[in-house]
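# Report on the structure
Residue strings, one per chain:
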Protein chains: 2
Amino acid sequence: MPAMARAATTADAFNAVAEPRRREILDALAGGERAVNDLVRLLGLAQPQVSKHLRVLREVGAVDVRDEGRQRLYRLNGHALRPIHDWVKNYERSWSERFERLDVVLEELKQKKEGNGS
Amino acid sequence: MPAMARAATTADAFNAVAEPRRREILDALAGGERAVNDLVRLLGLAQPQVSKHLRVLREVGAVDVRDEGRQRLYRLNGHALRPIHDWVKNYERSWSERFERLDVVLEELKQKKEGNGS
DNA sequence: TTGACATATGCTCATATGGGTATACGATGC
DNA sequence: GCATCGTATACCCATATGAGCATATGTCAA
């Protein structure tokens with residue numbers, strides 16, 4: 001068991017998506033399939049960097065590839081992001097007015113119940 | 001400008017939360033304020049590790065601290081997670097049936113419009 | 001075949017990680 | 001004052017990162 005410094009970026013979607021450039025790539029792919037050079041132009045990154053980021057995204061299943069002649073067309077696969085969504089969703093109550101109001105109501109119910117004595 | 005290898009874990013919530021133990025800590029704090037040793041017991045980690053993780057979470061604003069005698073009570077501050085929620089929310093359509101059905105409707109509308117000729 | 005294009009991989013470098021262990025700091029109680 | 005509890009920090013280590021640059025691989029065109 002080698003002492004792991006930091007989980008690999010390919011360990012899961014959380015790690016893959018921690019890199020801002022990779023989020024940008026996903027955002028770009030949200031508009032539809034793109035070839036690598038497309039992304040290079042869109043993001044203003046060097047081609048090798050883009051390819052490497054795409055590899056990471058591929059390994060966590062956030063993108064799929066398709067060969068089209070000389071080009072490799074990447075497409076988004078949002079399912080990989082679901083665990084992130086599911087996790088963070090539980091914290092929505094921290095900022096959502098909707099939940100804040102709900103909390104108020106629940107608090108009132110609780111007080112009332114205590115007032116009645118069980 | 002030193003060549004940064006990987007963004008600091010304290011760079012933003014995305015990076016802070018990429019570490020599973022830190023997510024566990026936040027999940028534990030969702031139940032309410034906790035002292036460090038509480039978390040040590042709950043997570044089964046060494047105390048210094050917990051303190052370090054808490055430091056990272058503090059630096060990205062995901063937790064707040066309060067001194068109570070010898071203890072330091074940490075409490076969740078979910079607001080820091082909002083950017084994550086907002087970002088990932090846009091990908092919900094990838095797996096949500098709700099959105100899939102919406103897409104079907106939109107597609108039908110589009111077809112109809114094309115049929116009518118502009 | 002030769003060459004241009006599109007993409008992936010290899011390598012080096014500086015960096016910061018997270019675990020482990022020891023220790024410093026601060027508050028409390030005797 | 002002194003021991004003890006609760007927590008933070010310092011240090012060492014192995015690891016993998018992401019950028020930059022060079023190069024390999026694969027595909028089409030002349």
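## Details of the side chain of arginine 23 of chain A
Note on placement: arginine 23 of chain A falls in helix H2 (residues 20-29). An unpaired buried charge is present at arginine 23 of chain A: no salt bridge exists, and aspartate 12 of chain B, the closest side chain of opposite charge, is 4.1 Å distant. If sequence neighbours within four positions are ignored, arginine 23 of chain A has contacts with Val17 and Ala18 of chain A together with Asp12, Phe14, Trp87 and Tyr91 of chain B.

## Description of the protein's contact with DNA strand D
In the vicinity of DNA strand D lie 27 residues, with Lys52 of chain A together with Ala5, Gln47, Ser51 and Tyr74 of chain B positioned nearest. Looking at DNA strand D alone, sugar and phosphate atoms form 66% of those within 4 Å of the protein. Taking histidine 53 of chain A, its side chain carries an N or O atom lying 3.2 Å from a phosphate oxygen of DNA strand D. Take valine 36 of chain B: an N or O atom from its main chain is 3.2 Å from a phosphate oxygen of DNA strand D. Put simply, the parts of the chain that give the surface near DNA strand D at least two residues each are helix H4 (47-59) of chain A together with helix H3 (36-43), helix H4 (47-59) and strand S3 (71-76) of chain B.

## Digging into the protein's contact with DNA strand C
Neighbouring DNA strand C are 26 residues; Ala5, Gln47, Ser51 and Tyr74 of chain A together with Lys52 of chain B lie closest to it. If you look at DNA strand C and keep only atoms within 4 Å of the protein, 66% of those are sugar or phosphate atoms. The contact in question runs from a base nitrogen of DNA strand C to an N or O atom on the side chain of glutamine 49 of chain B, over 3.4 Å. Within the side chain of histidine 53 of chain B, one N or O atom sits 3.1 Å away from a phosphate oxygen of DNA strand C. Counting residues per element, the ones that place at least two in the surface near DNA strand C are helix H3 (36-43), H4 and strand S3 (71-76) of chain A together with H4 of chain B. The element best represented in the surface near DNA strand C is H4 of chain A, accounting for five residues. When its residues are assigned to classes, the surface near DNA strand C shows nine nonpolar, eight polar and nine charged.

## Brief notes about H3 of chain B
Residue and element names in this part refer to chain B. Buried residues of H3: Val36, Leu39, Val40 and Leu43, and no others. Each buried residue of H3 lies within a common arc of 105° when the element is viewed along its axis, so the set occupies one face. With its phi angle positive at about 70°, glycine 44 sits one or two positions after the end of H3.

## Details of the interface of chain A and chain B
For interface size, the figure often reported is the accessible area lost on association. Every contact between the two is made by 27 residues of chain A and, on the other side, 27 residues of chain B. Each partner contributes to the roughly 2,800 Å² buried at the junction of chain A and chain B, and carbon and sulfur atoms together form 64% of this total. At the surface where chain A touches chain B, the tally comes to zero salt bridges. Where chain A touches chain B, the interface holds 14 residue pairs in polar contact (both at pLDDT 80 or more). No other element matches helix H5 (residues 82-89) of chain A, which puts six residues into the side of chain A that touches chain B. Classifying every residue of the side of chain A that touches chain B gives 14 nonpolar, six polar and seven charged.

## Remarks on the relation of the copies chain A and chain B
You can overlay chain A on chain B at an RMSD of 0.1 Å; the transform is a turn of 180° with a shift of 0.0 Å along its axis. The relationship between the two copies is best expressed as a two-fold rotation axis. A share of 100% of the interface residues of chain A reappears at the interface of chain B, consistent with the copies meeting face to face through the same patch.

## A closer look at the packing of H5 of chain A against helix H5 (residues 82-89) of chain B
Between two packed helices, both the angle of their axes relative to each other and the distance between the axes serve to describe the pair. H5 of chain B packs onto H5 of chain A with a crossing angle of 135° between their chain directions and a minimal axis gap of 9 Å. With respect to each other, H5 of chain A and H5 of chain B are oriented oblique. Seen along the crossing, H5 of chain A lies across H5 of chain B with a hand that is left-handed. On H5 of chain B, the residues touching Ile84, His85, Val88 and Lys89 of chain A of H5 of chain A are Ile84, His85, Val88 and Lys89 of chain B. Taken together, the residues that form the contact of H5 of chain A with H5 of chain B break down as four nonpolar, two polar and two charged.

## Overview of the packing of aromatic side chains
Taken as a whole and judged by the stated rule, the model has four aromatic pairs over all chains. Taking 6.1 Å as the distance between ring centres and 80° as the angle between the ring planes, the aromatic pair formed by phenylalanine 14 of chain A and tryptophan 87 of chain A counts as edge-to-face. Highlighted residues: phenylalanine 14 of chain A in helix H1 (residues 13-16) and tryptophan 87 of chain A in helix H5, separated in sequence by 73 residues. Accessibility expressed as a relative area gives 10% for phenylalanine 14 of chain A, which makes it buried. When the ring of tryptophan 87 of chain A is compared with that of tyrosine 91 of chain A, the centres are 5.0 Å apart and the planes differ by 55°; the resulting orientation is tilted. For the residue pair tryptophan 87 of chain A and tyrosine 91 of chain A, the accessibility class agrees, reading buried in each case. Linked through ring pairs, Phe14, Trp87 and Tyr91 of chain A together constitute an aromatic cluster. Lying across the ring of phenylalanine 14 of chain B, arginine 23 of chain A places its NZ or CZ 3.7 Å from the centre.

Cut-offs applied
Numbering of residues begins from 1 in every chain and follows the order in which that chain's sequence is written. For this description, chains carry letters from A and ligands carry numbers from 1, given in the order in which they are written. For a predicted model such as this one, the threshold for reporting local features is a pLDDT of at least 70, and the threshold for listing and counting side-chain atom pairs is 80 or more; totals across whole chains, interfaces and linings nevertheless cover every residue. Where side-chain values are given, they derive from all heavy atoms of the structure, hydrogens and water being excluded. Helix and strand assignments follow DSSP, with helices taken as H or I runs no shorter than four residues and strands as E runs no shorter than two, numbered in order from the N terminus. Exposure classes here rest on a 1.4 Å probe applied to the protein chains alone. A residue is buried below 20% of its type maximum, exposed above 50%, and partly exposed in between. When charges are counted, neither His nor the chain ends are considered; positive counts come from Lys and Arg and negative counts from Asp and Glu. The term salt bridge refers to a pairing of a side-chain nitrogen on Lys or Arg with a carboxyl oxygen on Asp or Glu at a separation within 4 Å. Residue contacts are counted whenever heavy atoms from the two residues lie within 4.5 Å of one another. If a single non-hydrogen atom of a residue is within 4 Å of a molecule or strand, that residue counts as near it. By the criterion applied in these results, polar contacts are pairs of N or O atoms within 3.5 Å in which, for protein atoms, one can donate a hydrogen and the other can accept it, and in which residues neighboring in sequence qualify only through two side-chain atoms. Under this grouping Gly is polar, as are all residues other than the nonpolar Ala, Val, Leu, Ile, Met, Phe, Trp, Tyr, Cys and Pro and the charged Asp, Glu, Lys and Arg. By arc we mean the arc of the directions from the helix axis to the C-beta atoms, nothing more. Two parts lose some accessible area (1.4 Å probe) when they are put together, and adding that loss for both gives the buried area. C-alpha atoms of residues with pLDDT of at least 70 in both copies form the basis for the least-squares superposition of the copies. An axis is simply a line fitted to the C-alpha atoms; with a helix, the fit covers only the stretch in contact. Between two such axes, the angle follows the N-to-C directions and lies from 0 to 180 degrees. When describing relative orientation, an angle under 35 degrees is termed roughly parallel and one over 145 degrees roughly antiparallel, while 65 to 115 degrees is termed roughly perpendicular and anything else oblique. Helix crossings fall into two classes, left-handed where the near helix is turned counterclockwise from the far one by less than a right angle and right-handed where it is turned clockwise. What counts as a ring pair is set by centres within 6.5 Å for rings of Phe, Tyr and Trp (its six-membered ring), and what kind of pair is set by the plane angle: stacked under 30 degrees, edge-to-face over 60, tilted for all other angles. We count a charge as sitting over a ring when the NZ of a lysine or the CZ of an arginine lies within 6 Å of the ring centre and within 35 degrees of the ring normal.

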